[in-house]
Amino acid sequence: MAAAAPPPLPITTPELNMDLPTSHPLFTRIRLATRLDVPVIHKMIYQMAVFERLTDLCSATEPSLSTTLFSKDNPFESFTVFLIEASTKPFPSSSIAHHPKFTPIHKTLNLDYPISDPESEVFKSSTMEEGVIVAGFVLFFPNYSSFLAKPGFYIEDLFVRESYRRKGLGKMLLSAVARQAVAMGYGRVEWVVLDWNMNAIKFYEEMGATVMQEWRVCRLTGDALQGYATASGTNIDLDLI
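These notes cover the structure that comes with them. (Residues numbered from 1 in each chain as written. Predicted model: local features only at pLDDT ≥ 70, side-chain atom pairs only at ≥ 80, totals over all residues. Heavy atoms only, no water.)

Some details on the sheet that holds strand β1 (residues 24-32)
Piece 1. The six strands are arranged β3-β1-β2-β4-β5-β6 in an open sheet whose pairing can be described as mixed. Sheet topology places β3 (105-111) and β6 (189-190) at the edges, where each strand pairs with a single neighbour.
Piece 2. Set on the sheet, helix α3 (residues 169-183) makes contact with β1, β2 (80-87), β3, β4 (133-145), β5 (150-160) and β6; between it and β5 the angle comes to about 165°. (Pairing = 2+ DSSP bridges. Helix = DSSP H or I, 4+ residues; strand = E, 2+ residues; numbered from the N terminus. Contact = heavy atoms within 4.5 Å. Axes fitted to C-alpha atoms, helices over the stretch in contact; angles between N-to-C directions.)

Written out as structure tokens, the structure reads:
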């Protein structure tokens, strides 16, 4: 009688490598823009005009932006631009000069998937740091509230490039402006939103902002601005006010 076959050898289950990364870190930095950043700012302004369906109103050029945004070195007292930059590697600790009124803000995000940015070559940072890409910007300047008797900041533009949206970068830019306003003792930060952009409206309401339905933006521009600048007051004008 043949001997029974020996029992099969136990199957060794490979141990899980707990050292494998479970997320993809994205290092971000908010810094003050300079004149060297005008080319990427101009490109983002045009992309924003495309998103808002307002390209017919966008006549900005790199020279005009350079002249108007960076004619004086007085951020927070005039037009100011924050850039948010992204990198898959940590930023060097002393890669850019600090401004007396602002220290760059760093934050690391842990993403489930790496970001695919087909325009990374076009939006390289002017700091020339390897792998640092401009992801968005916010442009703001001082205004004044007579009711509060305090200055504030008005945000003209807030834009995050498509590859970096829904990662919290827009909220980080808004937070940076709010933090600067608080640091300077300002009373408020305000901006406008297009009435069809329901995602943005919901986002702003969830962060605690009041969307003021009863207010309307009034604007004089182009021929109307030129015409009214030279018109004298009439009885009709006085009756309307």
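Alright, that's what it looks like, and here's the rest.
Regarding the environment of V192
Piece 1. On the secondary structure map, V192 appears in the loop between β6 and α4 (198-206).
Piece 2. Its relative accessible area of 49% is what places V192 among the partly exposed residues.
Piece 3. Along the backbone, V192 and E156 are 36 residues apart, and their C-alpha atoms lie at a distance of 8.0 Å.
Piece 4. Those residues in contact with V192, other than ones at most four positions away along the chain, are Y154 and V217. (Buried < 20%, exposed > 50% of the residue type's maximum accessible area, 1.4 Å probe, protein only.)

Concerning the pairing of β5
Piece 1. Both β4 and β5 contribute to a ladder of 10 bridges, which runs antiparallel. Residue pairing for β5: G136 is matched across the bridge by V160.
Piece 2. Of the strand pairs in this sheet, β5 and β6 are connected by two bridges, and their pairing is parallel. By the bridge assignment, F153 is partnered in β6 with V189.

With respect to the packing of aromatic side chains
Piece 1. Summed over the entire model, instances satisfying the criterion amount to 13 aromatic pairs.
Piece 2. Relative to Y186, the ring of F153 has its centre 4.8 Å away and its plane inclined at 55°; by these criteria the two rings are tilted. Pair noted here: F153 is in strand β5 and Y186 is in the loop between α3 and β6, with a separation of 33 residues, a long-range link.
Piece 3. Exposure remark for Y186: the relative accessible area of 18% places this residue in the buried category.
Piece 4. The rings of F76, F82, F102, F140, F153 and Y186 are connected pair by pair, giving a single aromatic cluster.
Piece 5. The ring centre of W196 lies 4.1 Å from the NZ or CZ of R53, which sits over that ring.
Piece 6. In this structure, R165 packs its charged tip against the face of F51, placed 5.2 Å from the ring centre. (Phe/Tyr/Trp six-rings, centres within 6.5 Å; stacked < 30°, edge-to-face > 60°. Lys NZ or Arg CZ within 6 Å of the ring centre and 35° of its normal.)

Thoughts on α4
Piece 1. For α4, every residue scored as buried is listed here: A200, I201 and Y204. An end-on view of α4 places all buried positions within 100° of arc, on one side of the element. Turned more than 90 degrees from where α4 packs its buried face, M198, N199, K202 and E206 sit exposed.
Piece 2. Packing partners of the buried residues in α4 comprise β5 and α3.
Piece 3. Once α4 ends, the next one or two residues include G208, with phi positive near 105°. (Arc of directions from axis to C-beta.)

None of the figures reported here should be taken as evidence of function without further support.
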